[in-house]
Amino acid sequence: MEKRCADARVKGVSTGTTILAAIFDGGVVIGSDSRASMGGEYVSSKTINKVIQVHDRIFCCMAGSLADAQAVTKAAKFHLSFHSVQMETPPLVVAAASILRELCYKNKEELQAGFITAGWDKKKGPQVYVVSLGGMLISQPVTIGGSGSTYIYGYVDAKYKPNMSRDECLQFATNALALAMGRDNVSGGVAHLVVITETGAEHVVVPGDKLPKFHDE
């Protein structure tokens, strides 16, 4: 028992998850699996929603330590709400990503959490930003993260196309999550997806038994 505890302290926190976001013509899809694990040893929850709404048309996906990620997103929500009241206008997507970046960078020695931020605003339309564990901020048309992402880089590179339709992008995201969840032992559960456009945000949940299959399981 003591040896197992010592080994867990050396290993640190598992960052097992699969998250992604992709821009399509007129909007963006952001999504994740729903499995939470404790140090990679056992599954603590099958139904965690890792897609967090930080403002009306801005969402983020979290990877890494769940406690750290929840604390950062809670602080980001407060900052964005205060910002929108001050400016008397909805915040920009890059403003939300910058707040997450600032929180991660200032606390990089204590936090173990990374984020994908996606949303729509009147200035630039649909956008996707990556905030890494150390606080680096990058804008990309499509991005993936978490331990499950290592299994789907080839699929994403081959299948993602700029200016996809809403349905094409939603199917692309569902397929990518299904492939990762089928291979990565710390990704699984259901697929949580959010479609964000000028008209608002639509939540889509694909149960595990409804996910597409690409191999014998």
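The protein chain goes by proteasome endopeptidase complex in an unreviewed UniProt entry, where it is assigned to Scophthalmus maximus. You can read under Catalytic activity (unreviewed entry) in the UniProt record for the protein chain the words "Cleavage of peptide bonds with very broad specificity." What the UniProt record of the protein chain gives under Subcellular location (unreviewed entry) is the line "Nucleus".

K.L.:
What should I look at first to understand the sheet that holds strand β5 (residues 51-55) in this one?
P.N.:
Strand-to-strand pairing in sheets goes through backbone hydrogen bonds, with the strands running parallel or antiparallel. Across the sheet, which stays open at both edges, the five strands sit in the order β5-β6-β7-β8-β9 with antiparallel pairing between neighbours. Of all the strands in the sheet, the pair left with one neighbour each is β5 and β9 (137-139). Direction aside, neighbouring strands of the sheet carry axes that sit 25 degrees apart on average. With three bridges connecting them, strand β8 (residues 125-131) and β9 associate as antiparallel partners. Within β9, the position partnered with V130 by the bridge is I138. Contacting β5, β6 (58-64) and β7 (113-121), helix α2 (residues 66-87) runs over the sheet at an angle of about 20 degrees to β5.

K.L.:
For this particular structure, what's the right way to read the packing of aromatic side chains?
P.N.:
For any pair of aromatic rings, the description rests on two quantities: the centre-to-centre distance and the angle between the ring planes. Under the defined criterion, the tally for this structure stands at three aromatic pairs. Note on Y155 and F172: the rings are 5.8 Å apart at their centroids and 10 degrees apart in plane angle, and the pair reads as stacked. With Y155 in helix α4 (residues 153-159) and F172 in helix α5 (residues 166-183), this residue pair connects regions lying 17 residues apart in the sequence. Among the residues examined, F172 registers a relative accessible area of 4% and is labelled buried.

K.L.:
Even after reading the chapter, I still don't get the pairing of β7, so can you show me in this structure?
P.N.:
Along any regular strand the residues' side chains alternate between the sheet's two faces. β7 sits mainly inside the fold: nine of its nine residues count as buried. Burial of the side chains of β7 extends over both faces: A113, F115, T117, G119 and D121 are buried on one face and G114, I116, A118 and W120 on the other. Pairing between β6 and β7: seven bridges, direction antiparallel. Its bridge partner lying in β7, M62 is registered against F115. For β7 and β8, the ladder comprises seven bridges, and the chain directions are antiparallel. Paired with T117 across the bridge in β8 is Y129. What sits between β7 and β8 in their antiparallel hairpin is a turn of three residues.

K.L.:
Would you mind showing me how to read the pattern of salt bridges here?
P.N.:
Close approach of charged atoms lets side chains of opposite charge pair. Scanning all chains against the criterion turns up five salt bridges. K50 is the salt-bridge partner of D33, the closest N and O atoms lying 2.9 Å from each other. Linking D33 in the loop between β2 (27-32) and β3 (36-38) with K50 in the loop between β4 (42-45) and β5, this pair joins segments that are 17 residues apart in sequence. Judged by relative accessible area, K50 falls into the buried class, the value being 5%. With its nearest N and O atoms 2.6 Å apart, the salt bridge here joins R166 to E202. In this pair, R166 is assigned in helix α5 and E202 in strand β12 (residues 200-206), connecting sequence segments 36 residues apart. Judged by relative accessible area, which is 28%, R166 ranks as partly exposed.

K.L.:
Is there a simple way to explain the packing of α2 against helix α3 (residues 93-106) in this structure?
P.N.:
Helix-helix packing is characterised by the crossing angle of the two axes and by the distance between the axes. α3 packs onto α2 with a crossing angle of 135 degrees between their chain directions and a minimal axis gap of 10 Å. With respect to α3, the axis of α2 lies oblique. Helix-helix and strand crossings are classified by hand; for α2 and α3 the assignment is right-handed. Here V72, A75, A76, H79 and L80 of α2 come into contact with α3, specifically with A95, A96, I99, L100 and L103. Class assignment for the residues of the contact of α2 with α3 results in nine nonpolar, one polar and no charged.

K.L.:
Would you take a moment to explain the UniProt feature "active site" (unreviewed entry) in the protein chain for this structure?
P.N.:
The feature "active site" (unreviewed entry), as given by UniProt, occupies T17 in the numbering adopted here. One can find T17 in the loop between α1 (2-11) and β1 (19-24). Non-local contacts of T17, meaning those with residues more than four positions away in its chain, are made with D33, K50, M62, A63, G145, G146, S147, G148, D184, V186 and S187.

What counts and how
Residue numbers here run from 1 along each chain, matching the order of that chain's written sequence. Totals for whole chains, interfaces and linings use every residue, but because this is a predicted model, local features are given only for residues with pLDDT of at least 70 and side-chain atom pairs only at 80 or more, for both listing and counting. By convention in this description, side-chain values take in all heavy atoms of the structure and omit both hydrogens and water. UniProt positions are given in the numbering used here, feature names are shortened, and annotations may be inferred rather than shown by experiment. Strand pairing is assigned whenever DSSP detects at least two bridges linking the two strands. Helix and strand labels come from DSSP, where a helix needs a run of H or I of at least four residues and a strand needs a run of E of at least two; each type is numbered from the N terminus. Comment: axis = line fitted to C-alpha atoms, over the contacting stretch for helices; angle = value between 0 and 180 degrees taken between N-to-C directions. We call two residues contacting when some pair of their heavy atoms lies within 4.5 Å. Ring geometry is summarised as follows: Phe, Tyr and Trp rings, the Trp one being its six-membered ring, pair when their centres sit within 6.5 Å, and such pairs are stacked at plane angles under 30 degrees, edge-to-face over 60 and tilted between the two. Throughout, exposure labels follow a simple rule: accessible area from a 1.4 Å probe, protein chains only, divided by the maximum for the residue type, with under 20% read as buried, over 50% as exposed, and the rest as partly exposed. Here, a salt bridge means any side-chain nitrogen of Lys or Arg that lies within 4 Å of a carboxyl oxygen of Asp or Glu. The labels follow the angle: roughly parallel below 35 degrees, roughly antiparallel above 145, roughly perpendicular from 65 to 115, and oblique for the rest. Here a crossing is called left-handed whenever its near helix is offset anticlockwise from the far helix by less than a right angle, and right-handed whenever the offset is clockwise. Gly counts as polar in this scheme, as do all residues outside two lists: the nonpolar Ala, Val, Leu, Ile, Met, Phe, Trp, Tyr, Cys and Pro, and the charged Asp, Glu, Lys and Arg.

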